[in-house]
Amino acid sequence: MKPAEQYQRLTHSLHWDPTYVSEDAYIPEEWRTSCTMPDWKKFNDPFQILFEDYVRIQAEKEDKFHAVRDAGARFGHIGRVDPRWVEAMKSFNTALTYSEYYNYRGHVRVARFAPAPAIRIASMVQAMDERRHAEEAIYQARDYVKHHKSGFLLPRDRITFFERHWYFQGDRSFFEDLITTDPIEAIIGTNLVFETAFTNLLFIAAPAAGVANGDYGFGQAHMTIQSDETRHMALGQAVARAMLQNDDMNLELIQDWVDKWFWRCHRLLLAVVGPVLDYFPKVKPISYREAFQRYVVEDFIQGYVSELSQFGLKPPRHLDQALSELEHGSHTIWRELYASRKSLWFDVHQPTAEDIEWMNEKYPSFDAVHGDYWRAVADGADMQADSLPMICDICHFPCTFPEPKTAVALPVDYEGDRYWFCSEGCKWIFEREASKYKRTIEPSALLLGDKDPAWVAQFLNISPDGTPLGGTAAPEGYFPAMPVPATI
Amino acid sequence: MSTKVQRSVVGIELMAGEECDAIVSAVLDDIPHASVVQVPGMVQLDVPDRLVIHASAVETYLGREWDTRDLNQVVSAYRGYFTRWDEEQVVLSWDAEDRGDAPNV
């Protein structure tokens, strides 16, 4: 049998329409897509991967990853990774582990509730990919714990930071939002916007920096992760195209979802990956802005979005605002982190003379806007934040953009409460779906209310010298930031 | 240049190694002015409009059989649409209807 016939049998033949239960019971309204297609069964995944090929190819990818890890342990590469890079991993690896796991949960849900058989099979495979990625990140964390003298984080601290620390609530809320959407929105948000435009910054630009600083295991893990993303990207592109081609009614939804996820991705990546490219690495192969130009502007905007413009798709609504934040974004977030360094579990260093020289070369307005701050630090100024930062009610990062002196905080009153946003993009996202986000309770406001500093420290899992407390016990009065509806 | 997109460049970013070298060599035979940039651990290969990888040419450079499905092992990023991916050719193009090169007679 030819692979194409075999693929048809293994997707379309495995799908059936329910007869014993109603449509409502089969796909509850909450999880049913608002997009329409004349015949969902005609949609095909461009990759058409067969499960037996998938297993063979993935097993080889895993073998290659573990070979690099083994070599790193055997010949001592892991112990020689530049210490500044390992500090980046204390932040990034922790965020990544749980983000990948969330994505796995999200795709299991898409596999269950998407209306097209081909999307369901592709999402099942993607769920397995995301699970593999989470496990690779865990293996790497284990390698740093075992072979690097950096005091890497133990699992109980990692999960506590991810659930509670203010710096990670942006990441957590992004993924909790992503896995509680319309199933086609999940594909547009994840596969078209996040994975086509933005994950190249995570899995290509960041590994290049990792390799340049001696972290070969990270390089190998992330290049193999991104090789899975090629399948995901193709699915996202095909779904967007099919929706736009087959029914004019879908355009408004697809546009809204592209606009929303473009802004959420921009904010998350700027705040978390910006420092991983521009600040943590001693050797910096590519700046955040250069990586954004290559993958987001040239590939996504000037490539995919312009190709889809024949069906009416426009560039993301807040593209210009995103572009205007790039000059100062990573520097602004690093200053915020530096001021909060006592409540962080990774080292936020003062940039060296070499770092500053590189900043000036890559970001021409660096000196005019941030030069005095770092000169003051060099002269002995303390620069400690005396409270937790004011956090945006959508992205959950500090309201500190575009740069501290001109930072904005935009209010919206909704059902008797006042919400604050760091940008027009986040404000627009809230206003479009206020009922989804109104239940969000962000830790800053909660903590600043009536809690004493000892409670706050326990909540953040940080001892006064910045080391993790090593506990998962929540202090009294703790409640999760954003409840997630049960998935399956 | 294709009029379908604002910037008509297609390309792949490959994990450096034997397969990457063979794929790059095979493409350079057809498109000598392709852009090949080395970054740590990877190679970025960019060409105008469309890129066709012929399995037979990759096999010649590798000196062994090569299954195009294994391209997924080494491609980490790409720009353009994969419009054909079968035993003979992998086609990356901004023309969504591009079905690849005519077979060699």
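The notes below deal with the structure included here. The structure displayed is predicted, hence computed values, not measured ones.

Quick look at the interface of chain B and chain A now. By a widely used convention, the size of an interface equals the accessible area lost when the partners come together. The interface is formed by 28 residues belonging to chain B together with 36 residues belonging to chain A. Contact between chain B and chain A buries roughly 2,900 Å² in total, counting both sides, with carbon and sulfur atoms accounting for 51%. If you look at where chain B meets chain A, you find seven salt bridges. Of the charged contacts, one joins D67(B) and R56(A) as a salt bridge, the two residues approaching to 3.9 Å between their closest N and O atoms. Connecting chain B to chain A are 23 residue pairs in polar contact (both at pLDDT 80 or more).

So, about the nonpolar core. Residues F43(A), F198(A), F262(A), Y288(A) and I12(B) are the most contacted members of the largest nonpolar core, which totals 171 residues. The contact partners of F198(A), leaving out residues within four places of it in the chain, are V193(A), F262(A), C265(A), H266(A), L269(A), F292(A) and V296(A).

Residue and element names in this part refer to chain A. In total, this model carries seven cavities of 30 Å³ or more according to the counting rule given. Computed from the structure, the largest cavity encloses a volume of approximately 170 Å³. Forming the walls of the largest cavity are 19 residues, and the residues nearest its centre are L96, S99, F175, F194 and L202. Elements represented by at least two residues in the lining of the largest cavity include exactly α4 (83-113), α7 (166-178), α8 (183-212) and α10 (250-278). The leading source of residues in the lining of the largest cavity is α4, at six residues. Looking at the lining of the largest cavity, its residues break down into eleven nonpolar, three polar and five charged.

Summed over the entire model, instances satisfying the criterion amount to 50 salt bridges over all chains. Overlapping salt bridges bring together D177(A), E185(A), D256(A), K260(A), R264(A), R432(A), E433(A) and K436(A) as one network.

Here we take up the sheet that holds strand β3 (residues 42-48) of chain B. With respect to topology, four strands assemble into an open sheet ordered β2-β3-β1-β5 (chain B), the strand pairing being antiparallel. Two strands in the sheet have a free side with no partner beyond their single neighbour: β2 (35-39) and β5 (75-79) of chain B. Strand-to-strand twist of the sheet, defined as the mean angle between neighbouring strand axes without regard to direction, takes the value 15 degrees. Direction of pairing for strand β1 (residues 9-15) of chain B relative to β5(B): antiparallel, over a ladder of four bridges. Paired with L14(B) across the bridge in β5(B) is V75(B). Across the sheet, α8(A) touches β1, β3 and β5 of chain B, and the angle it forms with β5(B) is around 135 degrees.

Another aspect to go through is the pairing of β2(B). Residue and element names in this part refer to chain B. Summarising the sheet, β2 and β3 pair through five bridges and their orientation is antiparallel. Among the inter-strand pairings, V36 is bridged to a residue of β3, identified as L45. Hairpin connection between β2 and β3: a loop of two residues separates the two successive antiparallel strands, and G41 in this loop has a positive phi of roughly 85 degrees.

Rules used in this analysis
Residues numbered from 1 in each chain as written. Chains lettered and ligands numbered in written order. Predicted model: local features only at pLDDT ≥ 70, side-chain atom pairs only at ≥ 80, totals over all residues. Heavy atoms only, no water. Contact = heavy atoms within 4.5 Å. Buried area = accessible area lost by both parts, 1.4 Å probe. Salt bridge = Lys/Arg side-chain N within 4 Å of Asp/Glu carboxyl O. Polar contact = N/O pair within 3.5 Å; in protein donor to acceptor, adjacent residues only side chain to side chain. Core = buried A, V, L, I, M, F, W, Y, C linked by side-chain atoms within 4.5 Å. Buried < 20%, exposed > 50% of the residue type's maximum accessible area, 1.4 Å probe, protein only. 1 Å grid on protein atoms, 1.4 Å probe; cavity = no way out; pocket = protein on both sides within 12 Å on 5 of 7 lines; lining within 4 Å. Points joined across faces, edges and corners; volume = space filled by probe spheres on them. Helix = DSSP H or I, 4+ residues; strand = E, 2+ residues; numbered from the N terminus. Nonpolar A, V, L, I, M, F, W, Y, C, P; charged D, E, K, R; others polar. Pairing = 2+ DSSP bridges. Axes fitted to C-alpha atoms, helices over the stretch in contact; angles between N-to-C directions.

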